[in-house]
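Single-letter residue listing:
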Amino acid sequence: MKIDVEVKNVTKKFGEVIAVDNISFTVEKGQFFSLLGPSGCGKTTTLRMICGFETPTEGEIFIDGKPMTNVPPYKRPTNLVFQNLALFPHMNVYDNIAFGLRIKKVPEPEIQKRVKEMLELVRLPGYEKRKISQLSGGEKQRIAIVRALVNRPAVLLLDEPLGPLDLKLREEMVVELKRIKREVGTTFIYVTHDQGEALTMSDKIAVMNKGKIVQMGTPLEIYERPNSKFVADFIGGTNFFEGRYRDGVVEVDKLGKIIVAPGQRISKKTVLISVKPEKISIGKKLRKLDNVFDGKITESFYQGKSVTYKVLLENDSLLTVVAPTTGVEFIFKIGERVKIGWNKRDARVIE
Ligand SMILES: Nc1ncnc2c1ncn2[C@@H]1O[C@H](COP(=O)(O)OP(=O)(O)OP(=O)(O)O)[C@@H](O)[C@H]1O
Ligand SMILES: [Mg+2]
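Residues numbered from 1 in each chain as written. Chains lettered and ligands numbered in written order. Predicted model: local features only at pLDDT ≥ 70, side-chain atom pairs only at ≥ 80, totals over all residues. Heavy atoms only, no water.

(A) Quick look at a nonpolar patch on the surface. Together, Tyr 302, Val 328 and Ile 331 line one region of the surface with nonpolar side chains, adding up to about 280 Å² of accessible area. Within the element layout of this structure, Tyr 302 appears in strand E16 (residues 291-302). The exposure class assigned to Tyr 302 is exposed, which follows from its relative accessible area of 56%. (Patch = residues over 30% accessible without salt bridge, like charges linked within 9 Å, V, L, I, M, F, W, Y side chains within 5 Å. Areas by Shrake-Rupley, 256 points an atom, 1.4 Å probe, with all protein chains shown as cover. Salt bridge = Lys/Arg side-chain N within 4 Å of Asp/Glu carboxyl O. Helix = DSSP H or I, 4+ residues; strand = E, 2+ residues; numbered from the N terminus. Buried < 20%, exposed > 50% of the residue type's maximum accessible area, 1.4 Å probe, protein only.)

What follows is the structure, encoded as structure tokens:
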């Protein structure tokens, strides 16, 4: 695989603020790479350095093997879809998409052809004359994306492009973006604070916190094998148990022994076990599970596809359990006593 973008030991300071703190990563050609992290962790700053709107305080960025330090934004093979879209409200759809091409003095017939292609790509053929104010939120989003794609950048940078959309539209746009990505083959660097989006779309995810990359890997690696409490928690609200590890068993105060899967490198004695809500079974009787505990339902939320329960355990910890509704004819009531449990391979030990 060819490397398209390399960020090497890059730090960005704004006065006293360290927005990005010595990060390194590489993005391969044609990859869908996501930067995922909470507000203020340095995602936008990283994108702005890649496309040249900010200069790193330290470190270097390479695109297609070439150092970018002295290359201005308009000479870089990148394009950015901004966090707040920034379509020109006084121009129609055609002029918005054509804008970048006109600056590059592309002949008008060629522009016409390319705008038409772009509108077909986002399934909005015939929208040329529409005003921006006559578009829905999702349509604006699509126009913003093709306005950045029409220049045929080697790398497209997207800064939370689905931010202002409602949940249903976001889900549709996620599917749409993946399709666009497949059709154009461009390298995508995608910024989001939404773990669901990052997991669904990415080939590779870098999780950021306070300016640093704290874990990098495929969506499956990040979700199933988080390397820290922060990642485990951020990527999908998980349950934690703290205890002392010895010979494949973690002893948790007032609860008892939790059997953990072998083969995890554990050196510390005090560890955290992370168990995702959807990996926990709940019932009146539970058989054939490695770990089973008694609990009491304190809350239940019916959500159609699943039920989310809060279960109080004997050590006073409150567990979140998400149970599918397949084959279920009732839901447990508040106050009801239940058993909860999971298999050792469905939990993760974090030091
Ligand atoms: N021009 C600037 N001057 C001073 N501080 C800045 C500047 N730009 C960003 N920062 C600070 O750098 C940090 C990282 O900001 P950045 O915009 O990269 O975060 P982000 O991860 O994109 O957050 P969000 O998800 O809210 O968009 C923040 O603490 C921010 O306040
Ligand atoms: Mg941002």
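(B) Quick peek at the domain arrangement of the chain. You can read the domains of the chain as domain 1 (3-229) and domain 2 (238-350). Once you take the C-alpha centre of each, domain 1 and domain 2 turn out to be 38 Å apart. Counting residues at the interface gives 7 residues for domain 1, matched by 7 residues for domain 2. Both sides of the domain 1 and domain 2 interface together cover about 650 Å² of buried area, and 59% of this is carbon and sulfur. For domain 1, the biggest contributors to the area lost against domain 2 are Tyr 223, Pro 226 and Lys 229; these three give 69% of the whole. Summed over the shared surface of domain 1 and domain 2, the number is 1 salt bridge. Residue Glu 224 is joined to Lys 279 by a salt bridge in which the shortest nitrogen-to-oxygen separation is 3.0 Å. (Domains from an automatic or database assignment. Contact = heavy atoms within 4.5 Å. Buried area = accessible area lost by both parts, 1.4 Å probe.)

(C) Up close: helix H1 (residues 43-51). Taking burial as the measure, the 9 residues of H1 include 7 buried ones, the bulk of the element. For H1, every residue scored as buried is listed here: Lys 43, Thr 45, Thr 46, Leu 47, Met 49, Ile 50 and Cys 51. The first or second residue beyond H1 is Gly 52, which carries a positive phi of 95°.

(D) Helix H5 (residues 167-184), seen in detail. For H5, which comprises 18 residues, the first-to-last C-alpha distance of 26 Å matches the rise-based estimate of 26 Å (1.5 Å per residue) to within 8%. Taken together, the buried positions of H5 are Arg 170, Met 173, Val 174, Glu 176, Leu 177, Arg 179, Ile 180 and Lys 181. Looking at the buried positions of H5, the neighbouring elements they touch are strand E3 (32-36), helix H3 (108-121), helix H4 (137-149), strand E7 (155-159), strand E8 (187-192) and helix H6 (195-201). Directly beyond the C-terminal end of H5, a positive phi value near 70° is found at Gly 185. (Expected span 1.5 Å × (residues − 1).)

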